[in-house]
Amino acid sequence: MSDTALEPVRLVDYRVPAFLIDTVHLDIGLDRTQTRIVATLAIRRNPASGERGPLKLDGDSLLFVEAWLDGVPLQTRDYVALPQAFTLHHTPEGSFTLTIETRLDPSANTQLMGLYRSNSAYCTQCEAEGFRRITYFLDRPDVLSVYTTRIEASFQEAPALLANGNKIEEGVLNHGRHFAVWHDPFPKPSYLFAMVAGDLAVVRDSFVTASGRHVRLEIYVEHGKESRCTYAMDALKRSMSWDEQVFGREYDLDIFMIVAVSDFNMGAMENKGLNVFNDKYVLALPETATDQDYANIEAIIAHEYFHNWTGNRITCRDWFQLCLKEGLTVFRDQEFSADQRSRPVKRISDVKTLRSQQFSEDGGPLAHPVRPEIYNEINNFYTATVYEKGAEVVRMLKALIGDEAFGRGMDLYFERHDGEAVTIEDFIACFADVSGRDLSQFMLWYRQSGTPEIRAEGVWDESGRTYALTLSQILPPTPGQPHKQPMLFPIRLGLVGTKGDLRVRLDGEPFEGLVALTEPTQSFLFSEVGEKPVPSLLRSFSAPVKLAVDLDEEALLTLLRADSDPFNRWQAAQSYALKLLLRLVKDPTTPIDPRFVEAISGILERGGDDPAFAALSLALPSEADIAREIGSDVDPQAILGARAKLRHTLGSYLGSELLRTIETMSVDGPYSPQARDAGRRSLRNVALELACANGSKAALAVAQAQFENANNMTDEMAALNTLALSGTDAGEQALLGFRERYGSDPLVIDKWMSVQAMLPHETTLARVKELMRDSAFSLHNPNRVRALIGAFSANNQTQFNRPDGEGYSFIADIILSIDPKNPQLAARLLVAFKTWRSLEAGRRALAAAALRDIAARPGLSRDVADIVQRSLA
Ligand SMILES: [Zn+2]
């Protein structure tokens, strides 16, 4: 901490650990300010390491009390105990036990790393390097140990005492204290250690695995919130059976626990047998959670559960391999959600997230490979690139070798590496072995950063009935990578005629829909092409690239109408809208192409066939999407204006059709979070927002009625958002009414804060400052900060990027005030500046000045120093 001279860690410097720790016995005596930790470690030299030096354990801000070697107290000359390390000068030959006692103050731990207090509970967060804030340890993922954890606490304060594994003992002690002992038979790295203690309510259920084992399921929440766990429990059980059916993976302990806490830096954490969740991703009732919340809960419950095999049973050798567990597990949770819901709708949503989060990261100063080779602070690499692009790489691998070989490769991975800490090379080798393919070029996806661009050109020869498609790859330079090698791309494609996909041949064989691009430029000659085709490229978004293909409006309309690939039908609508919007940004007087309005009308008309899909097709590209397409000298105000004009036009021309859609898409009966009803609500609410875009009184009255009468949070929030966007008195009244209605519910008040923080109005910054004084807000709680400050900086393009620079200096001040208490949270906020270099000159200069102000502050955390230095580099 506090030292801004960063010492980078490099992948090439990896060495196997000099020592191994076979077992860990932790004895934890909980106390709010004076927690006592006694760790007994069974240690031996690692036969795979040639190093002969002293034993050096990691620490972070630790208070040392005493140490014993094989039960004998150590003398001060035998060791050096500093807050950040413990060194034992001479170690015995063979195995030995080292016992170390430390003291902690959980109440003072505002970083939320290590052991801390959240509301009334003690809890831990150890990934990536939090265990060293609990006790001295070889705190690295390739040191796997069997843990036994004894927790002792006041019964009144903490009736529930939880840790990893199975409970093997519990009992009552003197002075109102009690204890529990947990044993986890599966060796694990220290980052997967967890312990929770507190006065919590529990919801119980059970699951029988495919092989007939009974597993107890428990979700712990604050008292009074039990009824909000039903969906999370249901999602957990569905995840457990899905992983058995699709990946052949069974759960392995007698009990699986989830604890929801309200102070958490991340979404959730996959600690073995004891997942700790941000309560936002557990708690849901129709009256408090939106369809999106339900979908997030389902996905994150699944994600953390799936880590039991991809992350826990097989873990990462070092933190450079983070994508080994994250990219693969995101891929698995995306597949799960696709199977539970609509696959095309899920794919489109995932690609939207990828483009908005990852492409912008990959195109700016924070770009890094899926597997970075150097880092200053690992906490800053829990990024969209590692997670989302990491998942895309796994998806491409599956496309290239085929479903069947991919399945065998996964089986081999589980069989070959169970119980090990491995690398990306180990993972890829499994697929190379089962498929017999050389995947060395594919490995570049892990090494080269930046979003590749694929350019496509096609020529139809009418007399020869052929179509020559030429694909080229352009790999833009990124920080530290000026030159790149050609990569391997799976490109799914089809040729579309007026009546749908054409049946064509490639190299004389019936074309199956996939080509592999391996060279800088490659041509593919299709035969039996009887009519002039429109190429439908990158179907299902088969590679995470920018596609440059010159399709005119007629071609886009053909795809929109006739493409068999739903992703590309959606993409055609987006590309068409983007063309219009880019023209409007340049010249706001550009008339709106009536064919586009007609196309949107057609989507509305067919909306009932797949409402969720129609809703996605109606949603115009976001301001960030447009900014990314423009690339440089971006003026956010011009983008907002263009978007507003197009929405206004659609609202005016399609007013009555939109109102009809709102009517027909209403959902009767009690609320269900299932995909069918959620899809109808999403189409209804997209239509509502468009209908109100021209200020239509009739449409605003519908929004008002929906706000007052909704029986679920999805419809209520959508109406609130639409009314607030209108900038009318009705909007202000609705905001006031909402605050009164949900005043005591932090997760709902978070939504209310976000809606206001994202309003593209001149007054929003003043409003955000005002909301910081609301009693519901706290700079100490990550969820509150993200809901208000994060929503403003990351999602309000025009007001964060105000031409007077006030948005930047406001966020810079907040970052500096949070940094001393919670560096991870401060660093995440700072990422809002990731696209500053693409702004027009005036804003660019102001953003740079704000970044330089942050950089100049003495005593920055390593987290913030790292991001600010890379942003300015
Ligand atoms: Zn994860």
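Up top is the structure these notes are about.
Keep in mind it's a predicted model, so treat the numbers as computed, not measured.

Draft legend 1. Region of the structure containing the overall build of the protein. A count of helices and strands for the protein gives 27 helices and 34 strands. Taking 2.2 N^0.38 as the reference for a compact globule, 873 residues should give roughly 29 Å; the C-alpha atoms of the protein span a radius of gyration of 28 Å, in line with that estimate. Considered along the principal axes of its C-alpha atoms, the protein spans approximately 90 × 65 × 60 Å. Looking at the protein residue by residue over its 873 residues, the buried ones come to 60%. Once local pairs closer than 6 in sequence are excluded, the contacts in the protein between residues at least 24 apart make up 70%. In the structure as shown, the protein presents an accessible area of about 33700 Å², 50% of it carried by carbon and sulfur atoms. For the protein, the distance from the average site of its 92 positive side-chain charges to the average site of its 117 negative ones is 1 Å.

Draft legend 2. Region of interest: helix α2 (residues 291-306). With 16 residues, α2 should reach 22 Å at 1.5 Å per residue; the first-to-last C-alpha distance of 22 Å fits that figure. Burial runs high along α2: 14 of the 16 residues are buried.

Draft legend 3. Seen up close, the packing of aromatic side chains. Applying the stated rule across the entire model yields 41 aromatic pairs. Centroid distance F738 to Y742: 4.7 Å. Interplanar angle 45 degrees. Geometry classified as tilted. Here F738 matches Y742 in class, with each residue buried. Seen in terms of ring centroids, Y808 and F833 are 5.7 Å apart; in terms of plane orientation they differ by 40 degrees. Their pairing is tilted. Linking Y808 in helix α24 (residues 806-818) with F833 in the loop between α25 (823-830) and α26 (841-856), this pair joins segments that are 25 residues apart in sequence.

Draft legend 4. Examining the coordination of the zinc ion more closely. The coordination sphere of the zinc ion contains the protein donors H303 (NE2), H307 (NE2), E326 (OE) and E326 (OE), at a distance range of 2.0 to 2.7 Å. For the zinc ion, the four donor atoms in the first shell make angles of 53 to 152 degrees at the metal, a pattern classed as irregular. One chain supplies every donor for the zinc ion, spaced along it as H-x3-H-x18-E. A residue pair is termed long-range when its members are at least 10 positions apart, and H307 in the loop between α2 and β22 (315-316) and E326 in helix α3 (residues 322-340) qualify at 19 residues. Residue classification places H307 among the buried residues on the basis of a relative accessible area of 0%.

Draft legend 5. Fine view of the sheet that holds strand β14 (residues 166-172). Spatial strand order, β6-β5-β9-β3-β2-β12-β15-β14: eight strands in an open sheet with mixed pairing. Among the strands making up the open sheet, the edge pair consists of β6 (72-73) and β14. Of the pairings in the sheet, the one linking strand β5 (residues 63-69) to strand β9 (residues 96-104) comprises six bridges and is antiparallel in character. Across the sheet, W68 pairs through a bridge with T99, a residue of β9.

Draft legend 6. Molecular detail of the side chain of K188. In this structure, K188 sits in strand β15 (residues 177-188). Only 2.9 Å separates the side chain of K188 from the side chain of D184, close enough to count as a polar contact. Not counting the four nearest positions on each side in its chain, K188 is found in contact with V143, L144, S145, Y147, N164, F193 and K272.

Draft legend 7. Examining the environment of F247 more closely. Looking at the secondary structure, you find F247 in helix α1 (residues 230-247). Distance from F247 to G407, taken between C-alpha atoms, is 7.7 Å for residues 160 residues apart in sequence. Excluding residues within four positions of it along the chain, F247 makes contact with W242, F331, R332, M410, D411 and F414.

Draft legend 8. View of the sheet that holds strand β32 (residues 521-527). Within the open sheet, the six strands sit side by side as β30-β29-β32-β26-β25-β34. Their pairing is mixed. Only two strands of the sheet have a single neighbouring strand rather than two, namely β30 (509-510) and β34 (546-549). With six bridges joining them, strand β26 (residues 466-474) and β32 adopt antiparallel strand pairing. Counted as the bridge partner of L471 is Q522 from β32.

Draft legend 9. Expanded view of the packing of helix α6 (residues 403-417) against helix α7 (residues 424-435). The N-to-C vectors of α6 and α7 enclose an angle of 130 degrees; their axes lie 8 Å apart at closest approach. Judged on the interaxial angle alone, α7 and α6 are oblique. At the point where α6 passes α7, the crossing takes the right-handed sense. Counting all contacts with α6, which are made through A405, F406, R408, G409, M410, L412, Y413, R416 and H417, the residues of α7 involved are D426, F427, A429, C430, F431, D433, V434 and S435. Split by residue class, the contact of α6 with α7 holds ten nonpolar, three polar and four charged.

Draft legend 10. The pairing of strand β21 (residues 274-278), seen in detail. Taken across its five residues, β21 has five buried, putting it largely inside the fold. Side chains L274, V276 and N278 project from β21 onto one buried face, and the interleaved N275 and F277 project onto a second face that is buried too. Here strand β19 (residues 255-261) runs beside β21; their pairing, made up of five bridges, is parallel. Looking at the pairing, V259 lines up with V276 of β21. Pairing between strand β20 (residues 268-269) and β21: two bridges, direction antiparallel. Paired with M269 across the bridge in β21 is V276. Linking β20 back to β21 in an antiparallel pair, the connection comprises four residues, with G273 at a positive phi of about 70 degrees.

Draft legend 11. Representation of the nonpolar core in the model. One finds F86, L98, F427, F442 and F526 to be the most contacted residues of the largest nonpolar core, which totals 186 residues. With nine residues, helix α5 (residues 384-401) is the single largest residue contributor to this core. The residues touching F86, leaving out its near neighbours within four places in the chain, are L55, K56, L57, F64, A67, L74, Y79, V80, A81, L98, I100 and Y136. Judged by nonpolar contacts, the second largest core, of 106 residues, contains L580, W752, M753 and L825.

Draft legend 12. A look at α25. Counting buried residues along α25, seven of its eight residues qualify, which places the element largely inside the surrounding structure. Contact partners of the buried residues in α25: α22 (782-795), α24, α26 and α27 (862-872).

Draft legend 13. Representation of the packing of α1 against α3 in the model. Viewed as axis vectors pointing N to C, α1 and α3 meet at an angle of 105 degrees, and their least axial separation amounts to 11 Å. As summarised for this structure, α1 and α3 are arranged roughly perpendicular, according to the angle between their axes. The residues of α3 that touch α1, namely those facing A235, R238, S239, W242, D243, V246 and F247, are F331, R332, E335, F336, D339 and Q340. Residues that form the contact of α1 with α3 fall into these classes: six nonpolar, two polar and five charged.

Draft legend 14. Layout of the environment of N265. Of note, N265 is situated in the loop between β19 and β20. With 563 residues separating them along the chain, N265 and R828 place their C-alpha atoms 9.7 Å apart. From its side chain, N265 meets the backbone oxygen of Q111 in a polar contact 3.0 Å long.

Draft legend 15. Spotlight on the side chain of R395. Relative to the helices and strands, R395 resides in helix α5. If we ignore the near neighbours within four places in the chain, the residues touching R395 are F331, Q334, E335 and R347.

Reading the values: the criteria
- Residues numbered from 1 in each chain as written.
- Predicted model: local features only at pLDDT ≥ 70, side-chain atom pairs only at ≥ 80, totals over all residues.
- Heavy atoms only, no water.
- Helix = DSSP H or I, 4+ residues; strand = E, 2+ residues; numbered from the N terminus.
- Rg over C-alpha atoms; globule rule 2.2 N^0.38 Å.
- Buried < 20%, exposed > 50% of the residue type's maximum accessible area, 1.4 Å probe, protein only.
- Contact = heavy atoms within 4.5 Å.
- Areas by Shrake-Rupley, 256 points an atom, 1.4 Å probe, with all protein chains shown as cover.
- Lys, Arg positive; Asp, Glu negative; His and termini not counted.
- Charge placed at Lys NZ, Arg CZ, Asp CG, Glu CD.
- Expected span 1.5 Å × (residues − 1).
- Phe/Tyr/Trp six-rings, centres within 6.5 Å; stacked < 30°, edge-to-face > 60°.
- Donors = N, O, S within 2.8 Å, 3.2 Å for Na, K, Ca; no water.
- Tetrahedral: all angles 85-135°; square planar, octahedral: opposite > 155°, others 65-115°.
- Pairing = 2+ DSSP bridges.
- Polar contact = N/O pair within 3.5 Å; in protein donor to acceptor, adjacent residues only side chain to side chain.
- Axes fitted to C-alpha atoms, helices over the stretch in contact; angles between N-to-C directions.
- Parallel < 35°, antiparallel > 145°, perpendicular 65-115°, else oblique.
- Left-handed = near helix turned anticlockwise from the far one by under 90°.
- Nonpolar A, V, L, I, M, F, W, Y, C, P; charged D, E, K, R; others polar.
- Core = buried A, V, L, I, M, F, W, Y, C linked by side-chain atoms within 4.5 Å.

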